[in-house]
Amino acid sequence: MNAYFDHNSTTALRTEVLEAMLPFMVRQHGNPTSRHSFGRTARTAVEHAREQVAAAVGAYANQIVFTASGTEANNFAIHGICSNLEPAQILTSAIEHPCVSRPALAMQVADSQVKAWQAKSIKVDSNCNINMTHLQNLLQAPTNLVSVMLANNETGVMQDIAKIAELTRKHKAYVHTDAVQALGKIPVDFFALNVHAMTISSHKVGGPLGAGALVLDKRIDIQPLLYGGGQERGLRSGTENVAAIVGFGVACELALSNLTAFDMHTDNLRQHLETGLDKLNAVIFGRDGLRIPNTSFFAFTNLDGETLVTALDKVGFAVASGSACSSDSDKPSHVLLAMGVDEDLARGAVRVSFGMNNTLDQVQHFLKALEHEVTRLRNLTAIAA
Ligand SMILES: Cc1ncc(COP(=O)(O)O)c(C=O)c1O
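Calculation notes
Residues numbered from 1 in each chain as written. Predicted model: local features only at pLDDT ≥ 70, side-chain atom pairs only at ≥ 80, totals over all residues. Helix = DSSP H or I, 4+ residues; strand = E, 2+ residues; numbered from the N terminus. Rg over C-alpha atoms; globule rule 2.2 N^0.38 Å. Buried ≥ 20, exposed ≤ 12 C-beta atoms within 10 Å, placed from the backbone. Contact = placed C-beta atoms within 7 Å. Near = placed C-beta within 6 Å. Nonpolar A, V, L, I, M, F, W, Y, C, P; charged D, E, K, R; others polar. Core = buried A, V, L, I, M, F, W, Y, C linked by C-beta atoms within 7 Å. Domains from an automatic or database assignment. Pairing = 2+ DSSP bridges. Axes fitted to C-alpha atoms, helices over the stretch in contact; angles between N-to-C directions.

*Asks:* Is there a simple way to explain the overall build of the chain in this structure?
*Replies:* Within the chain one finds 13 helices and 13 strands. Computed over the C-alpha atoms, the radius of gyration of the chain is 21 Å, within 12% of the 21 Å expected from 2.2 N^0.38 for a compact globule of 385 residues. If you line up the chain on its principal axes, its C-alpha atoms span 70 × 55 × 35 Å. Buried positions account for 50% of the 385 residues belonging to the chain. By sequence separation, contacts in the chain at least 24 residues apart represent 72% of the contacts at least 6 residues apart.

*Asks:* Mind showing me how you'd approach the site of the ligand here?
*Replies:* Surrounding the ligand, one finds 15 residues, the nearest of these being Ser69, Gly70, Thr71, Asn153 and Ser201. Ranked by the residues each element gives to the shell around the ligand, the list is headed by helix 3 (residues 70-82), at three residues. Partitioning the shell around the ligand into residue classes produces four nonpolar, ten polar and one charged.

*Asks:* Looking at this structure, I do not really get the nonpolar core. What am I missing?
*Replies:* One broad rule of soluble globular proteins: the nonpolar side chains tend to lie buried together. Counting 110 residues, the largest nonpolar core has Val215 and Val246 as its most contacted members. Per-element accounting of this core gives the leading share, ten residues, to helix 8 (residues 242-257). Summarising the domain contributions, this core has at least three residues from each of domain 1 (3-11 + 259-384) and domain 2 (15-256). Beyond its immediate sequence surroundings of up to four residues, Val215 is in contact with Val57, Ala59, Gln63, Ile64, Phe190, Ala197, Met198 and Ile200.

*Asks:* Help me out: how do you make sense of the environment of Met264 in this one?
*Replies:* By the element assignment, Met264 lies in helix 9 (residues 259-279). Residue classification places Met264 among the exposed positions, given that 11 C-beta atoms sit within 10 Å. Between the alpha carbons of Met264 and Leu145 there is a distance of 35 Å; along the sequence they are 119 residues apart.

*Asks:* In this structure, what is going on with the sheet that holds strand 10 (residues 295-299)? I would like to understand it.
*Replies:* For sheets, the rule is that strands pair by backbone hydrogen bonds, running either parallel or antiparallel. Taken together, four strands build an open sheet; the order of strands is 9-10-13-12 and the sheet is antiparallel. Either end of the sheet is taken by a strand with one partner, and the two such strands are strand 9 (283-284) and strand 12 (320-321). Seen against the sheet, helix 9 touches strand 9, strand 10 and strand 13 (350-353) and runs at an angle of roughly 10° to strand 10.

Below you can see the structure in the form of structure tokens.
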């Protein structure tokens with residue numbers, strides 16, 4: 001068996017996406033800024049993709065700023081919004097991806113002379129939900145920006161961003177959400193979320209690597225990260241990655257039309273998986289929170305997650321460990337630690353994230369393999385002890 005259960009890390013390029021991209025990698029190689037027909041064709045393609053991406057998140061095309069990745073869009077949001085403001089607090093949740101929490105910390109370090117920027121972390125509860133009282137307390141001090149992710153990449157738990165935005169706006173701060181793990185899995189509506197800025201990424205939804213976007217409230221004053229030729233209305237210079245942007249557009253359109261099917265299919269697979277996990281006495285993290293349908297994050301006591309991931313890979317199952325999204329792979333997941341999970345148990349974390357190509361048969365084989373590997377590894381540990 002060869003099953004890929006790591007769709008929150010990245011997804012395979014969809015065939016329709018590749019087909020749409022290919023002409024822009026070979027025949028239609030124009031630069032969208034050029035006035036000739038090659039350039040105009042590329043420009044038309046980029047603007048069409050902008051419409052497709054905007055439609056997927058209920059926004060207008062002129063709110064989309066294309067970037068090279070979700071990471072870039074998050075850095076752009078934090079630095080770009082804060083650079084225009086007088087120093088104050090930046091609040092990010094304790095479970096953010098490092099490409100949100102680290103730029104916030106970098107603002108603090110960059111301005112260490114003044115020490116006025118303060119990057120602070122908003123606590124979560126044991127279900128991975130934002131502690132609203134803590135947010136409310138933090139907001140008593142002058143705050144420029146609150147950034148909370150829509151869906152967590154590890155547990156899959158979703159936050160009530162509209163509620164967070166309502167509270168934050170009362171304190172005259174800006175709100176950003178990282179919707180990278182939500183796009184294509186649940187409906188995402190920029191206006192309903194009531195945020196000023198939102199990040200999305202192409203390769204998580206069947207699009208290519210090399211494209212992401214920041215969706216912006218048009219009234220927001222934001223500084224570019226990259227200066228140069230003034231592409232993307234001066235907000236993100238650099239020749240557009242036309243093929244990747246075209247692919248991102250098609251991927252968004254397909255993801256939008258596939259939302260219900262994705263929900264039904266992956267939720268069904270997860271139910272089967274978690275019924276099996278219960279029988280194996282696994283601890284499932286964030287289970288009582290509202291989760292995106294495709295994600296399950298679990299651990300077995302006294303069993304190292306990295307070891308289990310390697311063992312499962314050897315028998316044909318690609319899953320992630322808790323530290324998969326960080327280069328500090330010797331540390332347990334910061335998300336689990338923020339949820340108050342015991343460090344030893346957190347070290348055991350394994351994430352399964354399903355996609356449309358996964359099947360019930362794969363899940364059943366996985367559960368058998370998991371049972372076998374857990375028993376085998378426990379026996380090895382017992383012998384070594
Ligand atoms: C929640 C979240 N935000 C941002 C990113 C970064 O996106 P990209 O890989 O496009 O840089 C990821 C990637 O894993 C993610 O899971």
